[in-house]
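Understanding the architecture of this molecule
Letter by letter, the chains look like this.
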Amino acid sequence: MSILGNLDTILVFVNDMDQSVAFYTQVLGFECGYSSEHWSVINAPGARIGLHSGRESHHESSVALCFQTASTEQLKAHLAESQTKFSPEEHETPRGRLIEFYDPSGNRLQAIELTS
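Computed from a predicted model, the values in this text were never measured in an experiment.

1. Description of helix α3 (residues 72-81)
- Within α3, burial applies to T72, L75, K76 and L79. One side of α3 holds all its buried residues, which, seen down the axis, span an arc of 100°. Residues of α3 that are exposed and point over 90 degrees away from its buried face: Q74 and E81.
- Here the buried face of α3 lies against β7 (96-102) and β8 (108-114).
- Capping the start of α3 is the job of one residue whose side-chain oxygen sits 3.4 Å from the backbone nitrogen of E73: S71.
- Of the residues trailing α3, Q83 is marked for its positive phi of about 55°.

Below, the structure is given as structure tokens:
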């Protein structure tokens, strides 16, 4: 049984939010569910794409997967037990608590415990 639930969001870190939202909506024809200077949600068929600003200064990779989890605390305990690298700090978002962890190749993954 997996400790993670459904894939929640595909995160794409972008250099220019306005240009990126225009691309996903005008060029690809997806709907924009929410847009701000730092975070936008693109509703694609079968997927939720989260556009996050600051790619050039904060992130080595431009894409990350975010899974749902029933409990970030239980997930952190599981990750620690399996000696998986993770950030012990949780990030509060409007949708819930978020943690970051890494696969053996150093690819960043995220998990969110939904509260709304």
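2. Remarks on the pattern of salt bridges
- Inspection of the entire model under this criterion finds 7 salt bridges.
- Of the charged contacts, one joins R48 and D8 as a salt bridge, the two residues approaching to 3.9 Å between their closest N and O atoms. Here D8 lies in strand β1 (residues 7-14) and R48 lies in strand β4 (residues 47-53), a separation of 40 residues in the sequence. Take R48 and D8: they sit in the same class, and that class is buried.

3. Description of the packing of aromatic side chains
- One pass over the full model with this rule turns up 1 aromatic pair.
- Aromatic pair F23 and Y24: ring centres 5.3 Å apart, planes at 85°, arrangement edge-to-face.
- On the basis of relative accessibility, which here comes to 38%, the residue F23 falls in the partly exposed class.
- For Y24, a relative accessible area of 16% gives the class buried.

4. Topic: the pairing of β7
- Across 2 bridges, strand β6 (residues 91-92) lies against β7 in antiparallel orientation. Each bridged residue has a counterpart across the sheet, and for H91 the counterpart in β7 is L98.
- The hairpin formed by β6 and β7 contains 3 residues between the paired strands.

5. Describing the pairing of strand β2 (residues 31-35)
- Taken together, the 4 bridges between β2 and strand β3 (residues 39-44) define a ladder with antiparallel strand orientation. Within β3, the position partnered with E31 by the bridge is N43.
- Taking the residues that link successive antiparallel strands as the turn, the β2-β3 hairpin has 3 residues.

6. Topic: helix α1 (residues 17-27)
- Of the positions making up α1, those classed as buried are M17, S20, V21 and Y24. All buried residues of α1 project into a common sector of 100° when viewed along the axis, lining one side. Residues of α1 that are exposed and angled more than 90 degrees away from the buried face: D18, Q19, Q26 and V27.
- Those residues of α1 that are buried are in contact with β1, β2, β3 and β4.
- Where α1 begins, the side chain of D16 points an oxygen toward the backbone nitrogen of D18, at a separation of 3.2 Å.
- Backbone geometry just downstream of α1 places G29 in the positive-phi region, at approximately 80°.

Rules and cut-offs
- Residues numbered from 1 in each chain as written.
- Predicted model: local features only at pLDDT ≥ 70, side-chain atom pairs only at ≥ 80, totals over all residues.
- Heavy atoms only, no water.
- Buried < 20%, exposed > 50% of the residue type's maximum accessible area, 1.4 Å probe, protein only.
- Helix = DSSP H or I, 4+ residues; strand = E, 2+ residues; numbered from the N terminus.
- Arc of directions from axis to C-beta.
- Contact = heavy atoms within 4.5 Å.
- Polar contact = N/O pair within 3.5 Å; in protein donor to acceptor, adjacent residues only side chain to side chain.
- Salt bridge = Lys/Arg side-chain N within 4 Å of Asp/Glu carboxyl O.
- Phe/Tyr/Trp six-rings, centres within 6.5 Å; stacked < 30°, edge-to-face > 60°.
- Pairing = 2+ DSSP bridges.

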